[in-house]
Amino acid sequence: MLKIEQLQISYETFGLEIEEIEFPQGVNVVLGPNGGGKSSLMKGIIGYGHEMLNKRSIQFGEEPLERVEDIISYLPQENPRFRVLVREYITMTSGSVSKRVFDETVMHFALECLLGHSIESLSGGEFKRVQCAQVALEEKPIIMLDEMEQGLDMNYQHEMMDWICREGKDKVIVASMHDASLALTYADTVTLVKDGRAEGPMPSASVTAEMLSACYGLPLTVRRQEGVVLVYRNLL
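One structure accompanies this document, and this report is about it. Quick caveat, the model's predicted, so the values are computed rather than measured. (Residues numbered from 1 in each chain as written. Predicted model: local features only at pLDDT ≥ 70, side-chain atom pairs only at ≥ 80, totals over all residues. Heavy atoms only, no water.)

1. A short note on the pattern of salt bridges
Pairs can form between side chains of opposite charge whenever their charged atoms are close.
Reasoning step 1: In this structure the tally under the stated criterion is 10 salt bridges.
Reasoning step 2: One salt bridge in this structure joins Lys171 and Glu167, with 2.9 Å as the shortest N-O distance.
Reasoning step 3: The buried category is assigned to Lys171, whose relative accessible area is 6%.
Reasoning step 4: By relative accessible area, Glu167 is classed as buried at 12%. (Salt bridge = Lys/Arg side-chain N within 4 Å of Asp/Glu carboxyl O. Buried < 20%, exposed > 50% of the residue type's maximum accessible area, 1.4 Å probe, protein only.)

Written out as structure tokens, the structure reads:
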């Protein structure tokens, strides 16, 4: 259980204030409009940007979480690229891993043909898959992904969601997303963030069209059928 007892961030005209939120084991998705505070929430949990942090009290396993480097794997919206081969980049943050584990991870993220390529040459979707492979090899109990579906085509979006669902069986996953349909289809819990305030986490099945409409400021419909959720804007 990842618990936010208190998190307060302020910069320029924006402020984020979160109290008493608990992310359980499983896939916890954060949804909300641009500028609402999703990325600020993610950065605040890991303690990024100390000059903007007014208050931060986070617990994991009922212990204060001050140093996160051994506990949290964090994939931000953007990571810098530099001239290094994919095969080297994947293990940069995990150290040595067995050949079996390395090969299985490479195969799972369909990176076999990219191992000899430079990170600088990859497309956005290819780089995202490489970064997810890197995170997978770190084997930390919390995985945080900011806008995880960004840059991925439809096939790999579902592949990545399947991956975090497997990871969520024994880890805490916190992922901010824009695709509400994808999020509600796969998430165990959903937290809605708008104007620096959070509602949730709540079971994905309990998220209503009214909640999403209020969060995004436009009329939305939510349809659930055979395990798939569709969220779309009302045209009339």
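2. Some words on the sheet that holds strand β2 (residues 14-23)
Reasoning step 1: Reading across the sheet, the 4 strands line up as β2-β1-β4-β5 and stay open at both edges, with antiparallel pairing between neighbours. With partners counted over all chains shown, the strands left at the sheet margins are β2 and β5 (63-64), one partner each.
Reasoning step 2: Sheet topology places strand β1 (residues 2-11) next to strand β4 (residues 53-60); 7 bridges connect them, and they run antiparallel. Along β4, the bridge assignment pairs Ile4 with Ile58.
Reasoning step 3: Docked against the sheet, helix α1 (residues 38-46) engages β1, β2 and β4, running at close to 115° with respect to β1. (Pairing = 2+ DSSP bridges. Helix = DSSP H or I, 4+ residues; strand = E, 2+ residues; numbered from the N terminus. Contact = heavy atoms within 4.5 Å. Axes fitted to C-alpha atoms, helices over the stretch in contact; angles between N-to-C directions.)

3. Focus on the side chain of Glu149
Reasoning step 1: With respect to the element layout, Glu149 can be found in the loop between β7 (142-146) and α5 (154-167).
Reasoning step 2: Contacts of Glu149, omitting those with residues within four sequence positions, involve Gln157, Ser176, Met177, His178, Asp179 and Leu182.

4. With respect to the packing of aromatic side chains
Reasoning step 1: Following the criterion strictly, the structure yields 4 aromatic pairs and no others.
Reasoning step 2: Taking the centre distance of 5.3 Å and the plane angle of 75° together, the rings of Phe109 and Trp163 count as edge-to-face. Highlighted residues: Phe109 in the loop between α3 (99-108) and α4 (124-138) and Trp163 in helix α5, separated in sequence by 54 residues.
Reasoning step 3: In this structure an aromatic cluster arises from ring pairing among Phe82, Tyr89 and Phe127.
Reasoning step 4: The residue whose ring lies beneath Arg129 is Tyr156, and the NZ or CZ to ring-centre distance is 4.1 Å. (Phe/Tyr/Trp six-rings, centres within 6.5 Å; stacked < 30°, edge-to-face > 60°. Lys NZ or Arg CZ within 6 Å of the ring centre and 35° of its normal.)

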